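Descriptive analysis of the structure
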Amino acid sequence: IGLVKMMRSRLFELLPGFRRLHVLKLGSGSGGVSLVYHSKILDGISRMRQLVHFSLTYDCTNEIVRQLQRNCRRTLKILDIEYSSRVTDESVNDIVKFDKLLQLHMFHTGKS
């Protein structure tokens with residue numbers, strides 16, 4: 001398990017180098033336990049401008065949704081942020097700005 005955590009941490013550190021990604025599926029992150037990878041994920045997606053599909057369950061936040069909206073408003077078609085309690089009503093204003101969004105997965109988020 002320790003090796004897997006080290007590999008995950010290293011991968012998150014390298015995210016900024018994957019600028020041309022179209023699909024980024026990060027799984028469940030920490031499983032909603034902590035925000036240990038939050039800044040690394042934000043740093044990585046801040047350089048991605050061509051994402052079509054983004055998935056981060058349990059650990060997505062309003063800040064991550066906002067960064068995706070800033071960078072990928074014209075390209076993102078699938079947004080999967082289920083079980084992310086840190087995605088709240090505040091994120092609605094960003095979500096509605098995605099021009100090409102076709103699928104939105106946000107079951108059990110922090111929205112009221």
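The structure reproduced in this document is the subject of the present report. Treat the numbers as computed from the prediction; the structure is a model and nothing was measured.

**A closer look at the overall build of the protein chain**
A tally of helices and strands in the protein chain yields four helices and four strands. Secondary structure elements in the protein chain, listed N-terminal to C-terminal, are α-β-α-β-α-β-α-β. Taken against the 2.2 N^0.38 rule, which gives 13 Å for 112 residues, the C-alpha radius of gyration of the protein chain at 13 Å falls within 12% of a compact globule. For the protein chain, the C-alpha atoms occupy an extent of roughly 40 × 30 × 20 Å along the three principal directions. Carbon together with sulfur atoms contributes 54% to the accessible area of the protein chain, which is approximately 6400 Å² in total.

**Structural notes on unusual backbone geometry**
In this structure, Tyr58 is a non-glycine residue whose phi angle is positive, near 75°. Following the sequence through the fold, Tyr58 ends up in the loop between strand S2 (53–55) and helix H3 (62–72). Look at Tyr58 and you get partly exposed, because its relative accessible area is 33%. The phi dihedral of Tyr83 falls on the positive side, at around 65°, and the residue is not glycine.

**Thoughts on the pattern of salt bridges**
Two side chains bearing opposite charge may form a pair once their charged atoms approach each other closely. Tallied over the entire structure, the rule returns seven salt bridges. Its salt-bridge partner being Asp43, residue Arg47 comes within 2.4 Å of it at the nearest N-O pair. For Arg47, a relative accessible area of 33% corresponds to the partly exposed category. Note on Asp43: relative accessible area 35%, which makes it partly exposed. Asp89 is the partner of Lys111 in a salt bridge, and the nearest nitrogen-oxygen pair spans 3.5 Å. Of this pair, Lys111 sits in the segment after strand S4 (103–105) while Asp89 sits in the loop between strand S3 (78–80) and helix H4 (92–95), and the two are 22 residues apart along the sequence. Looking at Lys111, the relative accessible area reads 29%, which means it is partly exposed.

**As for the side chain of Ser84**
Tracing the sequence through the fold places Ser84 in the loop between S3 and H4. For Ser84, the side chain forms a polar contact with the main-chain nitrogen of Cys60, separated by 3.1 Å. Among residues more than four places away in sequence, those in contact with Ser84 are Leu56, Thr57, Tyr58, Asp59, Cys60, His108, Thr109 and Gly110.

**Focus: the sheet that holds strand S1 (residues 23–25)**
Strand order in this open sheet of four strands is S1-S2-S3-S4, and the pairing throughout is parallel. Each of the sheet's edge strands pairs with one partner strand only, and the pair in question is S1 and S4. Within this sheet the neighbouring strands show an average axis-to-axis angle of 5°, counted without direction. Alignment of S2 against S3, held across three bridges, turns out to be parallel.

**A closer look at the packing of helix H2 (residues 38–45) against H3**
At a minimum axis distance of 10 Å, the contact between H2 and H3 shows a crossing angle of 5°. It follows from the interaxial angle that H2 and H3 lie roughly parallel. Counting all contacts with H2, which are made through His38, Ile41, Leu42 and Ile45, the residues of H3 involved are Glu63, Ile64, Gln67, Leu68 and Asn71. Grouping the constituent residues of the contact of H2 with H3 by class yields five nonpolar, three polar and one charged.

Scoring rules and cut-offs
Residues numbered from 1 in each chain as written. Predicted model: local features only at pLDDT ≥ 70, side-chain atom pairs only at ≥ 80, totals over all residues. Heavy atoms only, no water. Helix = DSSP H or I, 4+ residues; strand = E, 2+ residues; numbered from the N terminus. Rg over C-alpha atoms; globule rule 2.2 N^0.38 Å. Areas by Shrake-Rupley, 256 points an atom, 1.4 Å probe, with all protein chains shown as cover. Buried < 20%, exposed > 50% of the residue type's maximum accessible area, 1.4 Å probe, protein only. Salt bridge = Lys/Arg side-chain N within 4 Å of Asp/Glu carboxyl O. Polar contact = N/O pair within 3.5 Å; in protein donor to acceptor, adjacent residues only side chain to side chain. Contact = heavy atoms within 4.5 Å. Pairing = 2+ DSSP bridges. Axes fitted to C-alpha atoms, helices over the stretch in contact; angles between N-to-C directions. Parallel < 35°, antiparallel > 145°, perpendicular 65-115°, else oblique. Nonpolar A, V, L, I, M, F, W, Y, C, P; charged D, E, K, R; others polar.

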